[in-house]
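Descriptive analysis of the structure
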Amino acid sequence: YRRERSLALRSSSSALYNNLAVLCPPGRPPAFGAVHGTTLSLLGNEGPPRQLQARGGGSALSTPLLTQATWCELPSRVLLVLTSQRGVQMYESDGSTMVFWHALDVPEHPAAHSVFARGIAAAGGRFVCVGTSSGAVLVFDIPPKGTNVMLSEILEQHRDPVTDIAAEQGQAPDGAGDLVTADDSGTLCLWSTGEEFTLLGKIPGAGCTCSSVRLWNGIVAAGYGNGQIRLWEAGSGRLRAQVSAHARWIYALDLAPLTGKLLSGAEDSFVHVWKLSRNPDTDDIEIQHCHAECVTDTQLCGARFCDPAGDTFAVTGYDLSEILCY
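Residues numbered from 1 in each chain as written. Predicted model: local features only at pLDDT ≥ 70, side-chain atom pairs only at ≥ 80, totals over all residues. Heavy atoms only, no water.

By the naming in an unreviewed UniProt entry, the chain goes by WDR54 protein and is assigned to Orthonyx spaldingii.

Here it is as structure tokens:
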């Protein structure tokens, strides 16, 4: 990999997990999104740069902070989903039209902890899953077109705030889940999607936050606050590999579905590219280090591949007013 261009942002990126969204439409340049405070900056796809504001959900007192933005690619449509301290916003993929707004339940007597949504993934061909600070995962049923989005189910297995959600990006082996949810305590839940979501297994946390998670060919790749990447079997929940990948907190993981390349970015200013594979003889899960880049003096907060093969990637950093492309 070599450093290519950088894309200027109007403002820097907030220090949030997974703070870079990338949409790769076939045959067109990728689009990028990064959150800063109450706004999302959108770049690329030939159109002019835009900024989307967090919606307050009826309260004009203050604009809530955004916590994440992701493009959710379903077979019938692509939605841009934003989460904030007040709720969930869904837009058409270019950010031009709001499709749906869901307000979070705010307790009448607010406790010491804040309320927010975080962790977004398209799942099961027609659902968008969004995590919340209470540990609940909201499952929205998305129509092929129009605005008739329904909250179809609430998954209540996590006791701590959800950090990230990932859906299967390859071919899941028989019996393996196709959705994984992670939380602040490091607990992972494996789900099978369908008309009703089924909990297949739970991997208990070891007292360290799981900040980012990915799922590929029945392999769960999880990044942790202690800088480790752990690889789990999505069917059995067995730990298959563990790498001390970074010196500081991991903020972002991404997977290239065609090749099994894994991207990790962390507070230690390093972004690493790894290669996941299964040994055909033993069925062991193997991880190989391929590449490292250092973005000097930068706390990386977003890292995403820009194509399905993982030949290009982009990163964002706290207090960095650009997106760096490699």
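Additional details are given in the paragraphs that follow.
**Thoughts on the sheet that holds strand β17 (residues 198–203)**
Short version of the rule: A pair of strands is treated as paired once DSSP finds two or more bridges between them. Think of it this way: any DSSP run of H or I at least four residues long counts as a helix, any run of E at least two long counts as a strand, and we number them from the N terminus. Lines fitted to the C-alpha atoms define the axes, with helices restricted to the stretch that makes contact. Angles between their N-to-C directions range from 0 to 180 degrees.
Reading across the sheet, the four strands line up as β14-β15-β16-β17 and stay open at both edges, with antiparallel pairing between neighbours. Since the sheet does not close on itself, it has two edges, and those belong to β14 (162–167) and β17, each with one partner. Averaged over all neighbouring strand pairs, the angle between strand axes comes to 20 degrees, with direction disregarded. Inspection of the sheet shows β14 paired to strand β15 (residues 179–183) by five bridges, in the antiparallel sense. If you follow Val162 over to β15, its bridge partner there is Asp183.

**Notes on the sheet that holds strand β18 (residues 210–216)**
The four strands lie next to each other as β18-β19-β20-β21, forming an open sheet whose pairing is antiparallel. A strand with exactly one partner marks an edge of an open sheet, and here the two such strands are β18 and β21 (239–244). Adjacent strand axes in the sheet meet at a mean angle of 15 degrees when their direction is disregarded. As paired elements, strand β19 (residues 219–224) and strand β20 (residues 228–233) share five bridges and run antiparallel to each other. Paired with Ala222 across the bridge in β20 is Arg230.

**Structural notes on the pairing of strand β3 (residues 31–36)**
Basically, it comes down to this: Only protein chains enter the accessibility calculation, which uses a 1.4 Å probe; a residue whose area is less than 20% of its type maximum is buried, one above 50% is exposed, and one in between is partly exposed.
Where burial is concerned, most of β3 is hidden: five out of the six residues are buried. In this sheet, β3 lies alongside strand β2 (residues 21–23) in antiparallel orientation, the contact comprising three bridges. Each bridged residue has a counterpart across the sheet, and for Leu23 the counterpart in β3 is Ala31. For β3 and strand β4 (residues 39–44), the ladder comprises six bridges, and the chain directions are antiparallel.

**Observations regarding the nonpolar core**
The criterion, for reference: Put simply, buried Ala, Val, Leu, Ile, Met, Phe, Trp, Tyr and Cys residues joined by side-chain atoms within 4.5 Å make one nonpolar core. Throughout, a residue-residue contact means that at least one pair of heavy atoms, one from each residue, lies within 4.5 Å.
The biggest cluster of nonpolar side chains holds 18 residues, and the ones touching the most others in it are Val81, Met90, Val128, Val130, Phe140, Ile142 and Val149. If you list the elements that add at least two residues to this core, you get β7 (78–84), β8 (87–92), β9 (98–103), β10 (117–123), β11 (127–132) and β12 (136–141). What Ile142 contacts, discounting residues up to four positions off in sequence, is Leu74, Arg77, Leu79, Met90, Arg126, Phe127, Val128 and Val149.

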